[in-house]
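Summary of the model geometry
Now for the letters of each chain:
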Amino acid sequence: MIRVLAFLEATSVTGPVKNFLDFVRCQDQAGLSGEVRFEVATFERPGVRNDFTQAVLASGVKLHFIPERFRLDTSVLERIRHLVAATRPDVLQTHSVKSHFLIRASGACAGRPWIAFHHGYTMTAARERLYNRLDRWSLRRPEHIVTVSSAFQQQLIRIAVPADRIVVLHNAVDPAWGERTRHPALRRSSRETLGIGESDRVLLIVGRLSSEKNHTLLLGAVARREALVPGVPVRRRIGGDGPERQTIGRTAATWGIDRQLLMAGHA
């Protein structure tokens, strides 16, 4: 059996978390759970439980909490070393700038294969832009770095990540999903639930509501389109949540298109 210890950091069920849990579920359905065993490690501050930890626990994947007192608590380095020594994984897996850095800084990767996943950078705050620069050092160590697009691949190469270690693996789509969504009854019931008319035009965008996604650019284009082509309204639906939710709502109200905007949150 191959034992994988994955370091994941989140407070909600983000895209990377969904992909990870879906992969584990599909592996179980395929009868491969006896060949690869996943465990998850995450950083925990006192008294904190959130949607992410609840989702991991509900999935049946073993979850390890690494206590940290504050954002730059260096004592986690020793705790990481102890956890890796106790669980003895065959493969280490990391999914964010913080975990990349701490795994290398702790030395826990010594003598073990390490796969780092790059899901793009969050630019919400100045400190995050500073933290992102840590990858220039951290990502020179893993045996493989997996990212989701050629654009991110070039982004990593520009910060001197070894190109021969980067693998592009696009996000997967369940082919059965397309068949389900084309079912007329499902289409009608979904529109009724959301208050969308049968003949209404709908524009959908799905993703974390953060500045690098630039939702306001899309709203600006929609507002301009409605000014140029009046009388043909388009309903906008945004799937996802994040720190820019209120800003997006205020921007839509300023441009007078908030009545046609539905922010649905996480599915």
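The text that follows walks through the structure, step by step, so that each part is easy to find. Along each chain, numbering runs from 1 in the same order as the chain's sequence is written. Side-chain atom pairs in this predicted model are given and counted only at pLDDT of 80 or more, local residue features only at pLDDT of at least 70, and totals for whole chains, interfaces and linings cover all residues. Derived side-chain values reflect all non-hydrogen atoms in the structure, with water molecules and hydrogen atoms excluded from consideration.

A helix here means a DSSP run of H or I that spans at least four residues, while a strand means a run of E at least two residues long, and both kinds are numbered starting from the N terminus. Along the chain, Ser99 falls in helix α4 (residues 97–106). Excluding its chain neighbours within four sequence positions, the residues that come into contact with Ser99 are Phe7, Glu9, Phe43 and Thr94. We call two residues in contact when some of their heavy atoms are within 4.5 Å.

To continue, consider the side chain of Gln155. Note that Gln155 resides in helix α7 (residues 150–158). For this analysis, a polar contact is any N or O atom pair within 3.5 Å, provided that within protein one partner can donate a hydrogen and the other can accept it, and provided that sequence-adjacent residues contribute only side-chain to side-chain pairs. A polar contact of 3.0 Å, which involves the side chain of Gln155, links it to the side chain of His118. The residues contacting Gln155, other than those within four sequence positions of it, are His118 and Tyr121.

Here we take up the pairing of strand β5 (residues 114–118). Relative accessibility under 20% of the residue-type maximum defines a buried residue, over 50% an exposed one, and the middle range a partly exposed one, all with a 1.4 Å probe and only protein chains included. Most of β5 is tucked away: four of the five residues are buried. Bridge count for strand β4 (residues 91–94) against β5 is three bridges, and the pairing is parallel. The residue bridging Leu92 from the neighbouring strand is Trp114, located in β5. Whether a crossover is right-handed depends on one test, that the path from the first strand over the helix to the second runs clockwise when the strands point away from the viewer. This β-α-β element, β4 to α4 to β5, shows right-handed connectivity. Here β5 pairs with strand β6 (residues 144–147) via four bridges, running parallel. Paired with His118 across the two strands is Thr147, which belongs to β6. Only strands that DSSP links by at least two bridges are regarded as paired with each other.

Exposure above 30% relative accessible area and no salt bridge define the residues that can form patches, which grow by joining like charges within 9 Å and nonpolar side chains of Val, Leu, Ile, Met, Phe, Trp and Tyr within 5 Å. Accessible areas in this description were obtained via Shrake-Rupley with a 1.4 Å probe; residue shielding takes into account the shown protein chains only. Salt bridges are defined as contacts in which a side-chain nitrogen from Lys or Arg sits within 4 Å of a carboxyl oxygen from Asp or Glu. On the surface, Val202, Leu204 and Val206 cluster together into a nonpolar patch covering about 280 Å² of accessible area. Within the fold, Val206 resides in strand β8 (residues 201–206). Judged by its relative accessible area of 66%, Val206 falls in the exposed class.

Let us look at helix α2 (residues 51–59). Every α-helical turn comprises 3.6 residues, leaving residues that sit three or four positions apart pointing alike. For α2, the set of buried residues is Phe52, Thr53 and Val56. Axial view of α2: buried residues confined to an arc of 95°, hence all on one face. Opposite its buried face, α2 presents the exposed residues Asp51 and Ala58, each directed more than 90 degrees away. A distance of 3.1 Å separates the backbone nitrogen of Phe52 from a side-chain oxygen at the start of α2, and that oxygen is part of Asn50. Of the residues flanking the end of α2, it is Gly60, one or two places downstream, whose phi is positive at about 90°. It is the directions from the helix axis to the C-beta atoms that the arc portrays.

Here we come to the pattern of salt bridges. Tallying each qualifying case throughout the model produces eight salt bridges. Notably, a salt bridge pairs Glu39 with Arg37, separated by 3.4 Å at the nearest N-O pair. For Glu39, a relative accessible area of 10% corresponds to the buried category. Accessibility expressed as a relative area gives 35% for Arg37, which makes it partly exposed. The network of salt bridges with common partners includes Arg69, Asp73 and Arg79.

This is a description of form; function is not addressed.
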